[in-house]
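Listed here are the chains, written in short residue letters.
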Amino acid sequence: MGRFYLTTAIDYANGAPHLGHAYEKVLADVIARHRRMRGDQVHFLTGLDEHGQKVEQTARRAGIEPRAHCDAIAGLFRGMLGLLDISNDDYIRTTEPRHVRVVQDALQRLFDAGLVYRAEYTGFYSVRQEQFLLEKDRAPDGSWPSLLGEVVQLTEANYFFRLSQFQAWLVGHLETHPDFVYPRFRQRQVLEFLREPVNDLCISRPKSRLSWGIELPFDRDYVTYVWFDALTNYYSAVADKGLWPADLHVIGKDILVPPHAVYWPCMLKALGLEPPRRLLVHGWWTMGGAKVSKTQAPAAAAGEPAPRPLDALALARDHGADPLRYFLIREMTLGQDSEFTLELFRQRYRTDLGNDLGNLLNRLLNMAGRYAAGKLPAPAADEAPERELRALWSSTAAKYLALSSDLQLKESLEELWVFIRALNAYVDTRAPWKLGKSADPADRSRLDSCLAHVGEGLRLVATCLTPVMPTVSTRLLADLGLPPATRLDEGLAWSSVGVGRALAEKDILFPPLDPPATPAS
Ligand code: MSP
């Protein structure tokens, strides 16, 4: 049995959770549940990134202490995890002593090894933004944009990590590990970035400018740069559990280069630790073409109730976590961006979930009640339609396993739906309502076989769907008189475990949606 340690990005504690955060946690959760069902010993970590200037400023603006602010935000994010049925094993907050200790220890070790050094830095500094500026911050005419306020030249002593010393090693590592970043085109972007020499990384901020951070153990006038602090969470959370290296870091495309693909592997190398095995880089959910973010509140298009970022999460409140989880995984091609609209969600809900899956279950329950005293009969007849269905299943199961193990989750769901639609077509072909009227015993056998095949087909589908829709799948299996699915590989062989079980009378897995709200006049 393998062990599998996976993480998500830790969210910034400077705003409320939105669809972008939700998607990443669902994505990682589906992978975690999938690996558990393949027999891996999974450790799934997520958490909150609490330090830094933005968080400090947000708290100040709200007139509260950063710590109290972070406590409130942590409550919101943990609430989101509950709402989405995320099965994380641990939740790390970067203000926790277990994290602070490890960060300080790492800083001290790098300092002692001469890999962190002190140097003076002179640059242009925006007093209003409280940050050093880069040449690229200048307006096209060379002046500083007015939103930067007063810009002064400032000389400041800071501490630097010898990042440049690890560049050659990192390039070599990427070349020998072509699967380090998924999808592959992102790995090429990393190598592209590394074609230019990288600078050493400034990893300190004077406390006079920023106090909300982890103090440098060797100079108490400074706190450490928030990325040095945040990235270390992946290690600090498991430092005493012997779980390093991580098998998978799930992150968005905005934080690949340079933090996760450059700083992090080099920091680990400098500390004598292995790099993570793989980075999974997803794209963005957009609304109205713009990245969903905490500040974005798209204006409602005329006549259409455009969902605000939080309304997407309200879909989980209204319909349970599973339809939203299904939608997010089914709709997004991993690595690409995807546009979110309420209409798309409703369409998937109605067709894939309601019509294809929910109705199929009720067709079975209804027919079993009418023709088989509510029990799943044994498959008596075995003719071409049955054989074709089972043959389709064996290719579906193989494709589903291969695709879902290769992170092609959307495609794995598409394969499952080909089978679900084939089950529906099989029922139409067999037409049990006609067989039920026939006096021919051969037709009675065909009817029993039809019910048995749909029952077993649904069991297999529910097993495969368990990582994506855990609650609905478990409920579907219970309707078939079966326990929750725990294994994917073993559970995917065509069997007769359902035969003789008492079925539920009726179950509406996906209640019809209300008609779309009409715009207020
Ligand atoms: N705190 C840093 C990550 C530190 S990891 C050591 C951060 N936080 S974040 O809150 O801005 O973003 C957290 C994750 O959510 C990132 O992986 C980011 O890509 C993801 N998303 C934020 N908005 C998103 C969308 N609109 N769509 C999909 N995911 C996006 O970055």
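Our structure is the block above this text.
Residues numbered from 1 in each chain as written. Predicted model: local features only at pLDDT ≥ 70, side-chain atom pairs only at ≥ 80, totals over all residues. Heavy atoms only, no water.

## Topic: the pattern of salt bridges
Throughout the structure, instances matching the rule amount to 41 salt bridges. For glutamate 56, the salt bridge goes to arginine 60, with nearest N and O atoms at 3.5 Å. A residue pair is termed a helical-turn pair when its members lie 3 or 4 positions apart in one helix, as glutamate 56 and arginine 60 do in helix 2 (residues 53-61) at four residues. In the salt-bridge network here, residues are joined through shared partners; they are Glu383, Glu386, Arg430, Asp443 and Arg446. (Salt bridge = Lys/Arg side-chain N within 4 Å of Asp/Glu carboxyl O. Helix = DSSP H or I, 4+ residues; strand = E, 2+ residues; numbered from the N terminus.)

## Examining the packing of aromatic side chains
Within this structure, the stated rule accounts for 22 aromatic pairs. The interplanar angle of 90° and the centroid separation of 5.3 Å between the aromatic rings of tyrosine 159 and tyrosine 222 together place this pair among those described as edge-to-face. Here the residue tyrosine 159 occupies a position in strand 7 (residues 151-161), and tyrosine 222 occupies one in strand 12 (residues 219-224), the gap between them amounting to 63 residues. The exposure class of tyrosine 159 is buried, given its relative accessible area of 5%. Relative to tryptophan 244, the ring of tyrosine 235 has its centre 5.9 Å away and its plane inclined at 90°; by these criteria the two rings are edge-to-face. Of the aromatic side chains, those joined through ring pairs into one cluster are Tyr23, Trp285, Phe327, Phe340, Phe345, Tyr349 and Phe510. Above the ring of phenylalanine 4, the side-chain terminus of arginine 35 is found at 4.1 Å from the ring centroid. The cationic tip of lysine 291 hangs over the ring face of tryptophan 284; the distance from NZ or CZ to the ring centre is 4.7 Å. (Phe/Tyr/Trp six-rings, centres within 6.5 Å; stacked < 30°, edge-to-face > 60°. Buried < 20%, exposed > 50% of the residue type's maximum accessible area, 1.4 Å probe, protein only. Lys NZ or Arg CZ within 6 Å of the ring centre and 35° of its normal.)

## A look at the site of the ligand
Around the ligand lies a shell of 25 residues, among which Ile10, Glu24, Asp49, Asp254 and Val292 are the nearest. Residue aspartate 254 places a side-chain N or O atom 2.6 Å away from an oxygen atom belonging to the ligand. In this structure, a nitrogen atom belonging to the ligand sits 2.8 Å away from a main-chain N or O atom of valine 292. Here the ligand loses 96% of its free accessible area of 660 Å² to cover by the protein chains. When residues of the shell around the ligand are traced back to their parent elements, those giving at least two are strand 2 (11-12), helix 1 (19-37), helix 7 (226-231), helix 8 (233-236) and strand 13 (248-252). Of the residues belonging to the shell around the ligand, the class tally is twelve nonpolar, eight polar and five charged. (Near = heavy atom within 4 Å. Polar contact = N/O pair within 3.5 Å; in protein donor to acceptor, adjacent residues only side chain to side chain. Areas by Shrake-Rupley, 256 points an atom, 1.4 Å probe, with all protein chains shown as cover. Nonpolar A, V, L, I, M, F, W, Y, C, P; charged D, E, K, R; others polar.)

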